[in-house]
Amino acid sequence: INQEFCYTLNADIILNGNVKNIFDKKLEEFFNKKYSSVLVLCHIKNTIGYEGNGDFYIENEALKKDPKKNNLVFTGLQLLNINEVKKIGKKIFSLSEFFTEQFAERKLGYVMFNSTMLHIGDLKGYQEAEKYLKSKS
C-alpha cells in the first residue's frame, strides 16, 4: 500500500484461516476515501476464547450496533487510513475512540472472516485456543 495506510492486528488474536485476499472486495472503496477503516469481522459462533456479546450486526449491508442484536466480533485486523486516525489529535489513545467516531460518521467498512478467530487475551482463552488447535492437528 502506501504511507497513508497500514494494516494492524491485535496481538491477542489468531485468525485460523486464509486472510491473504480478505480486503480485496473493499480496497477500491477504501482508496476512494469512502472508508477511513475496513474492519475484519467474524461471526461470534466462529470464535474461541471470546467471552463478549459481539460488537456489531449487519442489516441491509450496513454495519450497526445493538447489544441485543450484535452477532459479529471485530477480529482486531483492520486496514486504517493514517490521515484519518491522526485527526484524533492525541499521541496516546485507544483505537476504539477512532472507531466510535468513524462508526457515527458511517466511515467504517467491513469484510467477513468466515473461519475461526482465536482470542488469547487471558489464560482461559489461551487454554481454549490451545485445545482447539490440538484438535485440528
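Since this is a predicted model, take the numbers as computed values, not measurements. (Residues numbered from 1 in each chain as written. Predicted model: local features only at pLDDT ≥ 70, side-chain atom pairs only at ≥ 80, totals over all residues. Heavy atoms only, no water.)

### A short note on the overall build of the protein chain
Turning to step 1, where the next piece is worked out: The number of helices and strands found in the protein chain is four helices and nine strands.
Turning to step 2, where the next piece is worked out: Going from the N terminus to the C terminus, the protein chain shows its helices and strands as β-β-α-β-β-β-β-β-α-α-β-β-α.
Turning to step 3, where the next piece is worked out: Rg of the C-alpha trace for the protein chain: 15 Å, near the compact-globule value of 14 Å for 137 residues, within the 12% margin.
Turning to step 4, where the next piece is worked out: Judged by the C-alpha coordinates and their principal axes, the protein chain covers about 45 × 35 × 30 Å.
Turning to step 5, where the next piece is worked out: Residue burial in the protein chain is summarised as follows: out of 137 residues, 37% are buried.
Turning to step 6, where the next piece is worked out: Across the protein chain, every contact between residues at least 6 apart in sequence was considered, and the portion connecting residues at least 24 apart equals 70%.
Turning to step 7, where the next piece is worked out: Across the protein chain, the mean location of the 20 positive side-chain charges is 1 Å away from that of the 17 negative side-chain charges. (Helix = DSSP H or I, 4+ residues; strand = E, 2+ residues; numbered from the N terminus. Rg over C-alpha atoms; globule rule 2.2 N^0.38 Å. Buried < 20%, exposed > 50% of the residue type's maximum accessible area, 1.4 Å probe, protein only. Contact = heavy atoms within 4.5 Å. Lys, Arg positive; Asp, Glu negative; His and termini not counted. Charge placed at Lys NZ, Arg CZ, Asp CG, Glu CD.)

### A few points about the environment of Ile44
Turning to step 1, where the next piece is worked out: Within the secondary structure layout, Ile44 lies in the loop between β3 (37-43) and β4 (47-48).
Turning to step 2, where the next piece is worked out: Setting aside residues up to four positions removed in sequence, Ile44 forms contacts with Tyr50, Gly52, Asn53, Gly54, Asn71, Leu72 and Val73.

### Focus: helix α4 (residues 123-136)
Turning to step 1, where the next piece is worked out: With 14 residues, α4 extends 20 Å between its outermost C-alpha atoms, agreeing within 8% with the 20 Å of an ideal straight helix rising 1.5 Å per residue.
Turning to step 2, where the next piece is worked out: Taken together, the buried positions of α4 are occupied by Gly125, Ala129 and Tyr132. When α4 is viewed along its axis, its buried side chains cluster within an angular range of 65 degrees and face the same direction. Residues of α4 that are exposed and angled more than 90 degrees away from the buried face: Leu123, Lys131, Lys134 and Ser135.
Turning to step 3, where the next piece is worked out: Looking at the buried residues of α4, the elements they touch are β2 (13-16), β4 and β9 (116-119). (Expected span 1.5 Å × (residues − 1). Arc of directions from axis to C-beta.)

### Details of the sheet that holds β4
Turning to step 1, where the next piece is worked out: Judged by pairing direction, the sheet is mixed, and its three strands sit side by side in the order β2-β9-β4 without closing on themselves. Edge positions in the open sheet fall to β2 and β4, since each of these has one partner strand only.
Turning to step 2, where the next piece is worked out: Bridge count for β2 against β9 is four bridges, and the pairing is antiparallel. Following the sheet pairing, Ile13 is matched in β9 by His119.
Turning to step 3, where the next piece is worked out: Where α4 meets the sheet, its contacts fall on β2, β4 and β9, and the angle it forms with β9 comes to roughly 140 degrees. (Pairing = 2+ DSSP bridges. Axes fitted to C-alpha atoms, helices over the stretch in contact; angles between N-to-C directions.)

### A few points about the nonpolar core
Turning to step 1, where the next piece is worked out: In terms of nonpolar packing, the biggest core is built from 16 residues, with Phe23, Val38 and Val40 touching the most fellow members.
Turning to step 2, where the next piece is worked out: Discounting residues that sit within four places of it in the chain, Val40 has contacts with Ile22, Phe23, Val73, Phe74, Thr75, Leu77, Val111 and Phe113.
Turning to step 3, where the next piece is worked out: Leu39, Phe56, Ile88 and Leu108 belong to the second largest nonpolar core, which has 13 residues in total. (Core = buried A, V, L, I, M, F, W, Y, C linked by side-chain atoms within 4.5 Å.)

### Some details on the packing of aromatic side chains
Turning to step 1, where the next piece is worked out: This structure, assessed with the given rule, holds seven aromatic pairs.
Turning to step 2, where the next piece is worked out: Taken together, a centroid distance of 5.1 Å and an interplanar angle of 50 degrees make the contact between Tyr7 and Phe23 tilted. Remark: Phe23 occurs in the loop between β2 and α1 (24-31) and Tyr7 occurs in strand β1 (residues 5-9); sequence separation between them is 16 residues.
Turning to step 3, where the next piece is worked out: Taking relative accessible area as the criterion, Tyr7 reaches 41% and is therefore assigned partly exposed.
Turning to step 4, where the next piece is worked out: On the basis of relative accessibility, which here comes to 7%, the residue Phe23 falls in the buried class.
Turning to step 5, where the next piece is worked out: With 5.9 Å between their ring centres and 40 degrees between their planes, Phe56 and Phe103 make a pair best called tilted. With Phe56 in the loop between β4 and β5 (57-59) and Phe103 in helix α3 (residues 95-104), this pair connects stretches of sequence that are 47 residues apart.
Turning to step 6, where the next piece is worked out: The structure contains a cluster of three or more aromatic residues connected by ring pairs, namely Phe5, Phe30 and Phe31.
Turning to step 7, where the next piece is worked out: The ring of Tyr110 carries Lys26 above its face, with NZ or CZ at 5.3 Å from the centroid. (Phe/Tyr/Trp six-rings, centres within 6.5 Å; stacked < 30°, edge-to-face > 60°. Lys NZ or Arg CZ within 6 Å of the ring centre and 35° of its normal.)

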